[in-house]
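# Chain and residue survey
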Amino acid sequence: MNITSPTKSDPVSKLEDMTDQVKEHVKDTLEVSSSSTNVLRATSVALGSFFILVSVLAFYWDSEPHQFSVTSVTQKQLDELSTNKVTGSTTVSTMIHITEILLGKPGGYLHNDIMLPGVLMDNQPNWEFGVLVQLRDMARTMRNNLSRSQSQSQEDPDLVRSENQFYFDNDSWMIPETEDEYQQGAKALAKYLQRLGDPEDQSAQFYARADNLRIWLSEVETRLGSLSQRLSASVGKRQLDTSLAGDSAATQSTPAASEQQLKTPWIKLDDVFYEARGTTWALLHLLRAIEIDFQDVLIKKNALVSVQQIIRELEPTQDTLWSPVILNGGGFGVLANHSLVMGSHVSRANAAIIDLRRLLEDG
């Protein structure tokens, strides 16, 4: 009897073939699984690194600019323009430098950002808006009052252009960009500053008079009064309608409730707080410039110390904020209320400005 070896049609051979196929399939599956795991791991690392980078960048951009010396900035501006220091030079130079900081601080101008991390940030954009409001108010006062001897005087063309540029939309990100418009406003101020210090060019003037200063202080008073109300509304308050008080014949367009409950939404608390920080930061520098340019008027009115006291009242608004969030504790609660603290400083400064304006009028 001859014994032959099994052929591929034998059950044993088929089993071996199936085993080899299973091994190959398992091997291919493991290779694919390993490749997918590597891709997933690489993606996770990339996303984590991107998140860390964006967070670090946002933290850096969220830092507020430091205060600066208005006298040093003025001298630097005058040297660059090769012009002389005269009445008004400090105020104009301060406005130019505030604009440069607004546009050139870490992260640049963020209010119109559409990319990360700027699009997710709201503290700095609100700080920028507070600064911008003070620039606009001063630019308007300079155009309408400080540069004109009387109501029939001709407007200064550079100041007209400067005011128009600063009132451009503050969140336009292209065609034209907000930054370009505000930069043009600063350049117009620089031209005015150069003409102001030229003794042979009498077309540019800055009239440091008590009535002109009162007009600007009235604008500041209105801004700080509104900020103070919004800050104090962080915990909610009942307010009576005093719109027509003091005039029995006064009327208004539509009737209003005799009593209102005012409360800032919790999601807006940090917005109002940082707008106040920006407003008071810009106002501090403008008041220091006014102290120099209006020195003779203030001394004559015995009001120089009043300006210095307003500056003292505003300085604590720039103290370091150690809390990572704006707390909204009750008036006498366990937690602090940063809005009420800021509102207290703003209210005291506003009251001092009201007294100064009356002193300039009656003194």
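Everything in this summary refers to the structure shown in the same document. What you are looking at is a predicted structure, and each value in this text was computed from that prediction instead of being measured. (Residues numbered from 1 in each chain as written. Predicted model: local features only at pLDDT ≥ 70, side-chain atom pairs only at ≥ 80, totals over all residues. Heavy atoms only, no water.)

## As for the overall build of the protein
Quick reminder of the rule: Working definition: helices are DSSP H or I runs of at least four residues, strands are E runs of at least two. Numbering for both runs from the N terminus. Burial classes: relative accessible area under 20% of the type maximum marks a residue as buried, over 50% as exposed, and values in between as partly exposed (1.4 Å probe, protein chains only). Every accessible area reported is derived by Shrake-Rupley at a probe size of 1.4 Å, with residue values counting cover from the shown protein chains alone.
Summing up its helical and strand segments, the protein has eleven helices and two strands in all. Reading the helices (α) and strands (β) of the protein from amino to carboxyl end gives α-α-α-α-α-α-α-β-β-α-α-α-α. The buried share of the protein, taken over its 363 residues, is 42%. Of the roughly 20,700 Å² of accessible surface on the protein, 55% is carried by carbon and sulfur atoms.

## Re helix 11 (residues 338-362)
This is how it is decided: One less than the number of residues in a helix, times 1.5 Å, gives the span that helix is expected to have. Whether two residues touch is decided by their heavy atoms; if any such pair falls within 4.5 Å, the residues are in contact. Distance and chemistry together define a polar contact, namely a pair of N or O atoms within 3.5 Å, with one atom able to donate a hydrogen and the other to accept it when in protein, and with adjacent residues in sequence counting only for side-chain atoms on both sides.
Here helix 11 is 25 residues long and its end C-alpha atoms lie 37 Å apart, about the 36 Å a rise of 1.5 Å per residue gives. Every buried residue of helix 11 is listed here: H338, S339, M342, G343, V346, A349, N350, A352, I353, L356 and L360. Residues of helix 11 that are buried make contact with helix 7 (210-232), helix 8 (269-293), helix 9 (295-300) and helix 10 (304-314). Taking the backbone nitrogen of S339 as reference, a side-chain oxygen 3.1 Å away marks N337 as the first, capping residue of helix 11.

## Overview of helix 3 (residues 89-104)
Along its 16 residues, helix 3 runs 22 Å from first to last C-alpha, staying within 8% of the 22 Å computed at 1.5 Å per residue. Counting buried residues in helix 3 gives 14 out of 16 residues, a clear majority hidden from the surface.

## Structural notes on a nonpolar patch on the surface
Where we set the bar: For patch detection, residues must exceed 30% relative accessible area and be free of salt bridges, and they are connected within 9 Å for like charges or within 5 Å for nonpolar side chains (Val, Leu, Ile, Met, Phe, Trp, Tyr). Between Lys or Arg on one side and Asp or Glu on the other, a salt bridge is scored when a side-chain nitrogen of the former is within 4 Å of a carboxyl oxygen of the latter.
Together, I114, M115, W173, M174 and I175 give the surface a local cluster of nonpolar side chains, amounting to about 580 Å² of exposed area. Within the element layout of this structure, M174 appears in the loop between helix 5 (157-166) and helix 6 (178-196).

## Brief notes about the packing of helix 8 against helix 10
Condition: Inter-axis angles, ranging from 0 to 180 degrees, are taken between N-to-C directions of lines fitted to C-alpha atoms, where helices are fitted over the stretch in contact. Roughly parallel here means an angle under 35 degrees, roughly antiparallel means over 145, roughly perpendicular means 65 to 115, and every remaining angle is called oblique. Left-handed describes a crossing whose near helix is turned anticlockwise from the far helix by less than a right angle; the clockwise case is right-handed. Gly falls in the polar group here, along with every residue not listed as nonpolar (Ala, Val, Leu, Ile, Met, Phe, Trp, Tyr, Cys, Pro) or charged (Asp, Glu, Lys, Arg).
At a minimum axis separation of 10 Å, helix 8 and helix 10 run at an interaxial angle of 160°. Our classification of the angle between helix 8 and helix 10 gives roughly antiparallel. Like other packed secondary-structure pairs, helix 8 and helix 10 cross with a definite hand, here left-handed. On helix 10, the residues that touch T280, L283, L284, L287, R288 and E291 of helix 8 are L304, V307, Q308, I310, I311 and L314. Its residues placed into classes, the contact of helix 8 with helix 10 shows eight nonpolar, two polar and two charged.

## As for the packing of aromatic side chains
Defined as follows: Each aromatic pair joins two rings of Phe, Tyr and Trp (for Trp, the six-membered one) with centres within 6.5 Å, and gets the label stacked for planes under 30 degrees apart, edge-to-face for over 60, and tilted for any other angle.
As enumerated under the stated definition, the model contains six aromatic pairs in all. A centroid spacing of 5.1 Å and a plane angle of 55° characterise the contact between W127 and W281, whose relative ring orientation is tilted. Note that W127 is positioned in helix 4 (residues 123-146) and W281 in helix 8, a separation of 154 residues in sequence. Neither residue differs from the other here; W127 and W281 are each classed as buried. Measuring from centroid to centroid gives 6.0 Å for F206 and F294, while their planes differ by 70°, and the two rings are edge-to-face. A residue pair is termed long-range when its members are at least 10 positions apart, and F206 in the loop between helix 6 and helix 7 and F294 in the loop between helix 8 and helix 9 qualify at 88 residues. As far as burial versus exposure is concerned, F206 and F294 are alike and both buried.

## Brief notes about the side chain of T91
On the secondary structure map, T91 appears in helix 3. Overall, T91 belongs to the buried group, its relative accessible area being 0%. A distance of 2.6 Å separates polar atoms of two side chains, one belonging to T91 and the other to D293. The contact partners of T91, leaving out residues within four places of it in the chain, are M138, F206, A289, I290 and D293.

## Quick look at the pattern of salt bridges
Should the charged atoms of two oppositely charged side chains come close, the side chains can pair. Within the structure shown, the criterion is met by 15 salt bridges. In this structure, the salt-bridge partner of D211 is R209, at a minimum N-O distance of 3.0 Å. Relative accessible area serves as the criterion here: at 28%, R209 is assigned to the partly exposed category. Across the salt bridge formed by R288 and E315, the nearest N and O atoms sit 3.3 Å from each other. Of this pair, R288 sits in helix 8 while E315 sits in the loop between helix 10 and helix 11, and the two are 27 residues apart along the sequence. Classification of R288 as buried rests on a relative accessible area of 18%.

## Overview of unusual backbone geometry
Residues other than glycine predominantly adopt negative phi, and peptide bonds predominantly adopt the trans conformation. With an omega of -5°, the peptide bond running from L116 to P117 counts as cis. Position of P117 relative to the elements: it lies in the loop between helix 3 and helix 4. Looking along the chain, the bond that leaves I175 and enters P176 is cis, with omega of -10°. In this fold, P176 is placed in the loop between helix 5 and helix 6. Phi is positive for I175, close to 45°, though the residue is something other than glycine. Here I175 is to be found in the loop between helix 5 and helix 6. When its relative accessible area of 75% is taken as the criterion, I175 is described as exposed.

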